[in-house]
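# Fold and geometry: a report
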Amino acid sequence: MVRTFRHKGIERFFLSGSKAGIQPNDASKLNEQLTVLNAAVKPEHMNVPGWKLHALRGELVGHWAVSVNGNWRLTFAFEGEDAILVDYQDYDSEGRWLCECTIQHIPEDYWQIIWMADR
């Protein structure tokens, strides 16, 4: 069961179907992924063909990601049998997360690099 969210837009979408705060073209796939995630009790339950389930490294070790569309990923962790910290993140081709809501406990100058790359 999904217990907590990091991304407010994906939380609103999950609870009410509001597309404000997500890429509207991703709504159908996100709905399917969130439905499966809500029923999942372990990360491996998200290993659906085409979703490219993978464990994350670095600052997000212990988190998992599935591909939504292009650079966009649905990321999450598990605590017991509950999905937590569900996020909707833009990941660039050089391996940098482009959404401020994604990573916690990193050096402040890292965000300057990210925001400059995002412009």
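Preceding this paragraph is the structure being described.
Residues numbered from 1 in each chain as written. Predicted model: local features only at pLDDT ≥ 70, side-chain atom pairs only at ≥ 80, totals over all residues. Heavy atoms only, no water.

### Looking at unusual backbone geometry
Its identity as a non-glycine residue notwithstanding, lysine 52 has a phi of 55°, on the positive side. Within the secondary structure layout, lysine 52 lies in the loop between α2 (27-39) and β1 (54-55). The exposure class assigned to lysine 52 is exposed, which follows from its relative accessible area of 59%. (Helix = DSSP H or I, 4+ residues; strand = E, 2+ residues; numbered from the N terminus. Buried < 20%, exposed > 50% of the residue type's maximum accessible area, 1.4 Å probe, protein only.)

### Here we look at the packing of aromatic side chains
Enumeration over the complete set of coordinates arrives at three aromatic pairs. Considering the side-chain rings of phenylalanine 5 and phenylalanine 14, the 5.5 Å spacing of their centres and the 45° angle between planes classify their relative orientation as tilted. The exposure class assigned to phenylalanine 5 is buried, which follows from its relative accessible area of 15%. The exposure class of phenylalanine 14 is partly exposed, given its relative accessible area of 27%. With centroids separated by 6.0 Å and ring planes inclined at 85°, the aromatic side chains of phenylalanine 76 and phenylalanine 78 adopt a geometry described as edge-to-face. Side by side, phenylalanine 76 and phenylalanine 78 carry an identical accessibility label, which is buried. (Phe/Tyr/Trp six-rings, centres within 6.5 Å; stacked < 30°, edge-to-face > 60°.)

### Notes on the pattern of salt bridges
By the definition in use, this model includes three salt bridges. We note a salt bridge from glutamate 79 to arginine 3, for which the minimum N-O separation is 2.5 Å. One end of the pair, glutamate 79, is in strand β3 (residues 72-79); the other, arginine 3, is in the segment before α1 (8-16), and 76 residues separate them in sequence. Residue classification places glutamate 79 among the partly exposed positions, given a relative accessible area of 42%. Between glutamate 11 and lysine 8 there is a salt bridge, with its nearest N and O atoms 3.8 Å apart. Taken together, the positions of glutamate 11 and lysine 8, both in helix α1 and three residues apart, correspond to about one turn of that helix. The class for glutamate 11 is partly exposed, based on a relative accessible area of 24%. (Salt bridge = Lys/Arg side-chain N within 4 Å of Asp/Glu carboxyl O.)

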